[in-house]
Amino acid sequence: MKKLLLMMLAVVVMMGCQNQSNDKDNLKNGTHREKRNAQELLGQEYLKQARAYLADKEFEAARAEIDSMRNNCRRALTAREAGILLLDSINLAEAEHNLLLLDERMKTEQDSMTVLKERFDEMFLKAEFYRRKIEHDRSQSRQ
């Protein structure tokens, strides 16, 4: 009878230990989820600031915000995915901006027309690449 009671007590203790380890796993998951949510919010703030820089045509500052988000918000997967599209948009806007500047220079400077034309063609191809890449990325994210 004593052996039976000791065995039952041992089983109860083991089950209690198992429940405690499950509780710890749940706490870890909750903590991870909370950290991810906090990083998503922070990542959205970085994206918001990067968009503001983009609107002001401060391309390097916008890129720096995206890089900061990548470094500081490793768990913010949704924000990081949006950051990829935003970075492509930054590159596209910069290429289009450079196209406008080169076009103005081509109208005023006749002596280096061949160099400017080559640079213009290069920026045009870059802009076209980023337009297509953004369209592709958006279509992939919708699927």
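Residues numbered from 1 in each chain as written. Predicted model: local features only at pLDDT ≥ 70, side-chain atom pairs only at ≥ 80, totals over all residues. Heavy atoms only, no water.

A. Molecular detail of the overall build of the chain. A tally of regular secondary structure across the chain gives four helices and zero strands. Split into buried and exposed, the 143 residues of the chain put 25% on the buried side. Pairs at least 24 residues apart make up 67% of the contacts formed inside the chain by residues separated by at least 6 positions. Within the structure as shown, the chain displays about 10600 Å² of accessible surface, and the carbon and sulfur contribution to it stands at 56%. (Helix = DSSP H or I, 4+ residues; strand = E, 2+ residues; numbered from the N terminus. Buried < 20%, exposed > 50% of the residue type's maximum accessible area, 1.4 Å probe, protein only. Contact = heavy atoms within 4.5 Å. Areas by Shrake-Rupley, 256 points an atom, 1.4 Å probe, with all protein chains shown as cover.)

B. Structural view of the environment of Glu-96. Its place among the elements puts Glu-96 in helix H3 (residues 77-108). Given the relative accessible area of 31%, Glu-96 is considered partly exposed. Spatially, the C-alpha atom of Glu-96 lies 7.4 Å from that of Met-123, the residues being 27 residues apart in sequence. When residues no more than four places from it in sequence are discounted, the contact partners of Glu-96 are Ala-127 and Arg-131.

C. Focus on the packing of helix H2 (residues 59-72) against H3. It is at 10 Å that the axes of H2 and H3 come closest, and there the two elements cross at 165°. Classified by the angle between their axes, H2 and H3 sit roughly antiparallel to one another. Classified by chirality, the crossing of H3 by H2 is left-handed. Where H2 abuts H3, its residues Phe-59, Glu-60, Ala-62, Arg-63, Ile-66, Met-69 and Arg-70 lie against Ala-79, Arg-80, Gly-83, Ile-84, Leu-86, Leu-87, Ile-90, Asn-91, Ala-93, Glu-94 and His-97. Residue composition of the contact of H2 with H3, grouped by class: ten nonpolar, three polar and five charged. (Axes fitted to C-alpha atoms, helices over the stretch in contact; angles between N-to-C directions. Parallel < 35°, antiparallel > 145°, perpendicular 65-115°, else oblique. Left-handed = near helix turned anticlockwise from the far one by under 90°. Nonpolar A, V, L, I, M, F, W, Y, C, P; charged D, E, K, R; others polar.)

D. Main features of the packing of aromatic side chains. Enumeration over the complete set of coordinates arrives at one aromatic pair. With a centroid separation of 5.0 Å and 75° between ring planes, the pair formed by Phe-129 and Tyr-130 is classed as edge-to-face. Taking relative accessible area as the criterion, Tyr-130 reaches 15% and is therefore assigned buried. (Phe/Tyr/Trp six-rings, centres within 6.5 Å; stacked < 30°, edge-to-face > 60°.)

E. Expanded view of the packing of H3 against helix H4 (residues 113-142). In contact at an axis separation of 8 Å, H3 and H4 are set at 155° when each is read in the N-to-C sense. Judged by the inter-axis angle, H3 sits roughly antiparallel to H4. Seen from above, H3 lies across H4 with left-handed handedness. Among the residues forming the contact of H3 with H4, the class breakdown is 15 nonpolar, four polar and 13 charged.

Worth remembering: the numbers are spatial, not functional.
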